[in-house]
Structure formats: structure tokens, C-alpha cells
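Inside the fold
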Amino acid sequence: MTKIKRIAVLTGTRADYGKLKSIMQALETHSNFELYIFATGMHMHKEYGFTFMEIVKDGYKNIFSFINQRHGMGTQMDLILANTINGFSAYICEINPDLIIVHGDRVEALAATIVGAMNNILVGHIEGGEISGTIDESIRHAITKLAHIHFVANEDSQKRILQLGETQTRIHIIGSPDIDVMLSPNLPTWEQVKARYEVPFDDFGVALFHPVTTSYANMGKYAKIFVDALLRSQKNYIVIHPNNDLGREFIIEEYSRLAENGKFRLIVSVRFEFFLTMLKCSQFVIGNSSVGIREAPIFAKPAIDIGDRQRNRYLPDDKIVNCDYDSEQIIAAINSTKNVNFTPYSDFGKGDSTEKFMKILADGNFWDTTLQKHFVDKD
Ligand code: UDP
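Scope of this entry: the structure provided in the associated data block. (Residues numbered from 1 in each chain as written. Predicted model: local features only at pLDDT ≥ 70, side-chain atom pairs only at ≥ 80, totals over all residues. Heavy atoms only, no water.)

**Some thoughts on the layout of surface pockets**
Within this model, the largest pocket holds a volume of roughly 320 Å³. Along its surface, the largest pocket is lined by 16 residues, and Arg313, Tyr314, Leu315, Asp347 and Phe348 are the ones closest to its centre. For the lining of the largest pocket, the element with the highest residue contribution is helix α6 (residues 155-163), accounting for 3 residues. Within the lining of the largest pocket, the residues separate by chemical class into 7 nonpolar, 3 polar and 6 charged. In this structure, the second largest pocket occupies an estimated 180 Å³ of space. As for the second largest pocket, its lining consists of Lys21, Ser22, Gln25, Asp58, Asp180, Val181, Ser184, Asn186, Leu187, Arg271 and Glu273. (1 Å grid on protein atoms, 1.4 Å probe; cavity = no way out; pocket = protein on both sides within 12 Å on 5 of 7 lines; lining within 4 Å. Points joined across faces, edges and corners; volume = space filled by probe spheres on them. Helix = DSSP H or I, 4+ residues; strand = E, 2+ residues; numbered from the N terminus. Nonpolar A, V, L, I, M, F, W, Y, C, P; charged D, E, K, R; others polar.)

**Points about the site of the ligand**
Taken together, the neighbourhood of the ligand is formed by 15 residues, with His210, Val270, Ser289, Ser290 and Glu295 sitting nearest. A distance of 2.5 Å is found between an oxygen atom of the ligand and a side-chain nitrogen or oxygen belonging to Ser290. One nitrogen or oxygen atom from the side chain of Glu295 is found 2.5 Å from an oxygen atom belonging to the ligand. The fraction of the free accessible surface of the ligand (520 Å²) that becomes covered by protein chains is 94%. When each cavity is represented as a set of grid points, the ligand is found to reside in the largest cavity. For the shell around the ligand, the secondary structure elements donating two or more residues are α1 (14-29), α11 (272-281) and α12 (290-295). (Near = heavy atom within 4 Å. Polar contact = N/O pair within 3.5 Å; in protein donor to acceptor, adjacent residues only side chain to side chain. Areas by Shrake-Rupley, 256 points an atom, 1.4 Å probe, with all protein chains shown as cover. Sits in = over half its atoms within 2 Å of the grid points.)

**Quick word on the pairing of strand β4 (residues 99-103)**
Taking burial as the measure, the 5 residues of β4 include 5 buried ones, the bulk of the element. The two faces of β4 match: Leu99, Ile101 and His103 on one face and Ile100 and Val102 on the other face are all buried. By the bridge criterion, 3 bridges tie strand β1 (residues 5-11) to β4 in an arrangement that is parallel. Note on β4: the bridge partner recorded for Ala8 is Ile100. Looking at chain direction, β4 and strand β5 (residues 122-126) are connected through 5 bridges and run parallel. By the bridge assignment, Leu99 is partnered in β5 with Leu122. (Buried < 20%, exposed > 50% of the residue type's maximum accessible area, 1.4 Å probe, protein only. Pairing = 2+ DSSP bridges.)

**As for the packing of aromatic side chains**
Taken as a whole and assessed by the stated rule, the structure comprises 21 aromatic pairs. Centre to centre, the rings of Phe33 and Trp367 are 6.4 Å apart; their planes meet at 35 degrees, and the pair counts as tilted. With Phe33 in strand β2 (residues 33-39) and Trp367 in the segment after α14 (353-362), the pair connects residues that are 334 residues apart, well separated along the chain. Across the pair, exposure class does not vary: Phe33 and Trp367 are buried alike. The interplanar angle of 20 degrees and the centroid separation of 5.6 Å between the aromatic rings of Tyr237 and Phe264 together place this pair among those described as stacked. With Tyr237 in strand β9 (residues 237-240) and Phe264 in strand β10 (residues 264-267), this pair connects stretches of sequence that are 27 residues apart. For the residue pair Tyr237 and Phe264, the accessibility class agrees, reading buried in each case. Residue placement shows Arg196 over the ring face of Phe274; its charged tip is 4.5 Å from the ring centre. Above the face of the Phe348 ring, Arg294 is positioned so that its terminal group lies 3.8 Å from the ring centre. (Phe/Tyr/Trp six-rings, centres within 6.5 Å; stacked < 30°, edge-to-face > 60°. Lys NZ or Arg CZ within 6 Å of the ring centre and 35° of its normal.)

So this is what it looks like as C-alpha cells:
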């Protein structure tokens, strides 16, 4: 490879940044690549923790920030999509990248993929082929159909992408890059985390509850049941604010009941590495975040998964328990986590995703990937 390749990476949330971070750092320091970061979405807003500053603190050379939503219109995903297309399209005209990298299933990733596909720029999608609830799943598969290269976590995801008519040669199994960070020896200590986030206790559960867009009409009721169960369980919790999906306001309103209660530490958002240490030192995870499914097993933490936001992503057992929106059931599940002991495991990689990703990009053939895709019929 002779010419330095320009790579534009879009990040729209703390969720995708944690998963892209190790790859971004490898690209930033490699002499064959120039990394251009387009930071947008929840990163840019105080109400979601202004996580843009975490990207800045990580010291990259080229960071562009773009505000794609106004306060009060945070839930209008169609408008966020339109705004992000607008901003990202102008950005790539300036940067003229050889490759665009997106992660996951957020509307911003869809926007960048549309822009790349329609401007004949290669798009690589990380962690497609997974299944879940809410509109996320449709967005994730839509990105797969528009992206040119798929960096997937495991064989199951590869199989689904093939089922969507994609070509085998466009798929690379690399695992989930956040595991690289999870298994790193450089995570902060619990004492550092405790001091930075002013956590007043050492025994606690981590609660993350996001809106389920397709259950918008019931979100107020569901949020109340969740908060009632946390209060009745008599345990300590670090409660992390939800993302900006449709229905967020109901959850925030219910959380106001916890604000003055010493058993709860409410935090808007926690820096990824600090969050990982919190998880590592917790007793269990509760809510409907992917954290319970994807990350908790790696630290051998039991998870209580409520509702269907993570539907089909796992088979419930004593390590990951699924509950309906029912306080009694949730409390019983919390109590059942006490005696759960298991060996850490992951179905999403071994912590070498970045190395695999960089190896694929180092292969000259990668850059000859054709922009024209052909649907592969299954027999
Ligand atoms: N996360 C983080 N800080 C937080 C909460 C979550 O860095 O305060 C990370 C977490 O480790 C996970 C990702 O963000 O990798 C996604 O979690 P979240 O619950 O925000 O979203 P989901 O994936 O369920 O949509």
C-alpha cells in the first residue's frame, strides 16, 4: 500500500465510541492512515453528558463536531437522520475519504452509510448482522444492505448477513472491538472511579434502562414499574441515564423520584473505561441495555434483562434472566442473582478485534473492494 488512506469514522453516542475507540486509536497512530472523526448525535449535548469532550481528551488530530439535533427534538429520529446526512455529506466533500467506518445501529450510522453509498465511497460497517428489539434492528440491517464491507462479531452474524444476500468475500469476522478495551490491563481502579463519580457505596447494581421505540405508548408505565422495583429491592444502584430514543422523557421523569435517595447515584453518562470498572465491581446489571447481554458475561456479572429490547440476542438462563414489566418478577430476579457464580465468557470475540481489523486494512486487496454489490440468492 503506497498512498496514505483517509478514513472517516462517524461516532454518534458513547455506545458506539466505546466500540470504535480501540480501532480509532490504532488508525490514528498508523503511518499508512489518516483518521478523520465526525462526532455528532448525543456526544454534542449536555443532557447526554457532552461526551464529545471524551473524544477530545483522547487526543486525536482531526475531530469535526456537528450538532444534528436541537434540544426538544431529540426524539425525532427521521429529522436527525436528515440533518446528519446533510452534515456528513458536506464533511466528506471536504475530506474526500477512501473509506467510511460506522458501527452498529444508530440513525447517525445509517446517515453516514447512505452518504457513502450514494457518493461511491467504500463503507465498512462494524457489528452488523445482530438481532435485537426496537427499530435498531431494522436500522442495523438497512446499514448492512448499503455498506460494502462487514466487520462482524461472530459466525451467527455472518450467517444473517449472508441471509440478507451479501457476498461472503465482503464479510470479515473480527469480534467486538470493545472487548479489546474490556480485557485491557489499563482500566481505572475502583477507587478512582468512586472518587470521580462520587459513588457513596461499594455494593451496588448498575441500572441502564432505555426507551423501546416500538412501545412508546407504554413507556411511562414501564418506566414506573422499573423504578418501583428498584426502590422496593432495598439495594444500592448506580443509575445511568437513557439514550435519546423516542420515549426517553418518561424514564427521566421517573428517575426524578430517585434524586434525593441515598441508595441511588444517578449519572448522565460515564466515560467508557470508568464504566467498565463500575461494571466489574458491581453485583449485577439490570435494565434493558446491551451491557447486560454483551459485556456483563465477560466480567462474570449476572444480568436482569427487562422487556424485549434485547429480544433474540441471548437464551435466558441463570446468568441472564429475562423479566416482563412486572415489579414482583423483577425483584425475584434481583434476589436470584445472589448465588450466581460462573466463568467469564463471550460470544463476541477474544479481545483481538483491532489487530484483525488492521490486518484486513493492510491487505492491498481490501482497497479494491468493488462498490457495485450483487445480491446472492439462497437455494
Ligand atoms: N457505556 C458507557 N458509559 C455509560 C453507559 C454505557 O461507556 O455511562 C457503554 C457500555 O459499556 C456499552 C455501550 O455504552 O458498551 C452501550 O450501552 P448503552 O446502554 O448506552 O446502549 P445500548 O447498547 O443498550 O443501546
